[in-house]
Amino acid sequence: MTMSTPPQVKNTVATAITPPDYTVLKNQLTAIKTQQVAYNTFSGRASTQLDINGNSNDVTLNIRIKKDKQIWVSITALLGIEVARALITPDSIKVINKLQGLYLKKPFSYIYQYASRQVNYKTIEALLVGNVMPEVLTENTHLKTDLSNVTLSGNLDELLYNVLLNNTMRVTQFNLNNEGAAQALLVNNGNFIQANNRLIPSQIDILSTIGNKKIQANLRYTKVDFDQPLEFPFNIPERYAPAD
């Protein structure tokens, strides 16, 4: 004679597999993903204080992004003179230094001199428009709500992360660090503005450190646009020499 499983056992098993907290987390992650800035192209101009290993300069960054493909940056100094240009793809980093007539061509991994290995191309795209780093939007994250704020925290390949979002599910602070290995990435976003029906921070402060190396960029967007036709001009003049 075949005996059926009692309904109580089925309910117990279902509850163990899908507890209420899991459903809340899944729904909250879906809400956060829905509020992330979606776009095909982005362009922005930002007055920026740029500090690389203690060498600080006030510059203007003209940034263009083709989603998931490339990030183009033109750096201008006083009187609008372009001093450098960079092109970042998921695989490579290229830079031309117009002041010194030098160029740099490296694999994307070159960035790990100044940032943790958990930082990838999509991380940079996310930071420049105020989105959440994609790798933390998983069901392994810990979620906490406090009044109108949401906090995501957890471990990402041995680095601890903490993401604070406001009531519009936009990132106000992101922290990724490993104190023992002297690695840290800290991002603060503020003064959110509407641009082409998208809510983005007009103030982005980024600090990345690896050991004694540091890059700090305080961006203040003065103009932003989405989904406009863009060009990404980048060529290395023949007279330029490779940088050390």
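Residues numbered from 1 in each chain as written. Predicted model: local features only at pLDDT ≥ 70, side-chain atom pairs only at ≥ 80, totals over all residues. Heavy atoms only, no water.

(A) Focus on the overall build of the protein chain. Counting secondary structure elements, the protein chain contains three helices and 14 strands. C-alpha extents for the protein chain along the principal axes are approximately 90 × 40 × 35 Å. By residue count, 41% of the 244 residues in the protein chain fall in the buried class. The long-range share in the protein chain, meaning contacts at least 24 apart out of those at least 6 apart in sequence, stands at 46%. For the protein chain, the exposed area adds up to about 13900 Å²; of that, 51% sits on carbon and sulfur atoms. (Helix = DSSP H or I, 4+ residues; strand = E, 2+ residues; numbered from the N terminus. Buried < 20%, exposed > 50% of the residue type's maximum accessible area, 1.4 Å probe, protein only. Contact = heavy atoms within 4.5 Å. Areas by Shrake-Rupley, 256 points an atom, 1.4 Å probe, with all protein chains shown as cover.)

(B) Broad picture of helix α3 (residues 121-129). Of all nine residues making up α3, eight are buried, and the element is well covered by its neighbours. Of the residues making up α3, those classed as buried are Tyr121, Thr123, Ile124, Glu125, Ala126, Leu127, Leu128 and Val129. Two to three positions downstream of the cap, the backbone nitrogen of Lys122 sits 3.0 Å from a side-chain oxygen, assigning the N-cap of α3 to Asn120. The first or second residue beyond α3 is Gly130, which carries a positive phi of 80°. (Polar contact = N/O pair within 3.5 Å; in protein donor to acceptor, adjacent residues only side chain to side chain.)

(C) Fine view of the nonpolar core. In terms of nonpolar packing, the biggest core is built from 56 residues, with Phe42, Ile63, Ile71, Phe174, Leu219 and Tyr221 touching the most fellow members. Setting aside residues up to four positions removed in sequence, Ile71 forms contacts with Ile63, Arg64, Ile65, Ala86, Leu87, Ile88, Tyr121, Ile124, Glu125 and Leu128. Grouped together as the second largest cluster of nonpolar side chains are six residues, Trp72, Phe232, Phe234 and Tyr240 included. (Core = buried A, V, L, I, M, F, W, Y, C linked by side-chain atoms within 4.5 Å.)

(D) Just the pattern of salt bridges, in detail. Under the defined criterion, the tally for this structure stands at seven salt bridges. Across the pair Lys214 and Asp51 runs a salt bridge whose closest N-O atoms are separated by 4.0 Å. In this pair, Lys214 is assigned in strand β13 (residues 213-226) and Asp51 in strand β1 (residues 41-52), connecting sequence segments 163 residues apart. Each of the salt bridges in this network shares a partner with another, and the network as a whole consists of Lys67, Asp68 and Glu125. (Salt bridge = Lys/Arg side-chain N within 4 Å of Asp/Glu carboxyl O.)

(E) Molecular detail of the environment of Gln228. Of note, Gln228 is situated in the loop between β13 and β14 (241-242). Each C-alpha atom of the pair Gln228 and Asp91 lies 24 Å from the other, and the pair is 137 residues apart in sequence.

(F) Geometry of the packing of aromatic side chains. For the coordinates displayed, the defined rule picks out five aromatic pairs. When the ring of Phe42 is compared with that of Phe226, the centres are 5.2 Å apart and the planes differ by 55°; the resulting orientation is tilted. With Phe42 in strand β1 and Phe226 in strand β13, the pair connects residues that are 184 residues apart, well separated along the chain. An identical accessibility class is assigned to Phe42 and Phe226; each is buried. A ring pair is formed by Phe108 and Tyr112, whose centres lie 6.2 Å apart and whose planes are at 80°; its orientation type is edge-to-face. Accessibility classification places Phe108 together with Tyr112 in one group, the buried group. Site record: aromatic cluster; members linked through ring pairs are Tyr39, Phe42, Tyr221 and Phe226. (Phe/Tyr/Trp six-rings, centres within 6.5 Å; stacked < 30°, edge-to-face > 60°.)

(G) Layout of unusual backbone geometry. In this structure, Leu79 takes a positive phi of about 65° despite not being glycine. As for its position among the elements, Leu79 is in the loop between β3 (70-76) and β4 (82-88). Accessibility expressed as a relative area gives 83% for Leu79, which makes it exposed. Positive phi outside glycine occurs at Asn196, with the angle close to 50°. Assignment of secondary structure puts Asn196 in the loop between β11 (183-195) and β12 (198-210). You can call Asn196 partly exposed: its relative accessible area is 38%.

(H) Up close: the environment of Ser43. With respect to the helices and strands, the residue Ser43 is situated in strand β1. Put simply, Ser43 and Ile206 are 163 residues apart on the chain and 19 Å apart in space, counted from C-alpha to C-alpha. Apart from the residues within four sequence positions on either side, Ser43 is in contact with Ile63, Arg64, Lys223, Val224, Asp225 and Leu230.

(I) Focus on the pairing of strand β6 (residues 102-107). Across six bridges, strand β5 (residues 92-97) lies against β6 in antiparallel orientation. Within the sheet, the bridge partner assigned to Ile93 lies in β6 and is Lys106. The antiparallel hairpin formed by β5 and β6 contains four residues in its connecting segment, where Gly101 sits at a positive phi of about 65°. Direction of pairing for β6 relative to β14: parallel, over a ladder of two bridges. What sits directly across from Tyr103, in β14, is Pro242. (Pairing = 2+ DSSP bridges.)

From the geometry alone we can't say anything about function, so treat these as descriptive.
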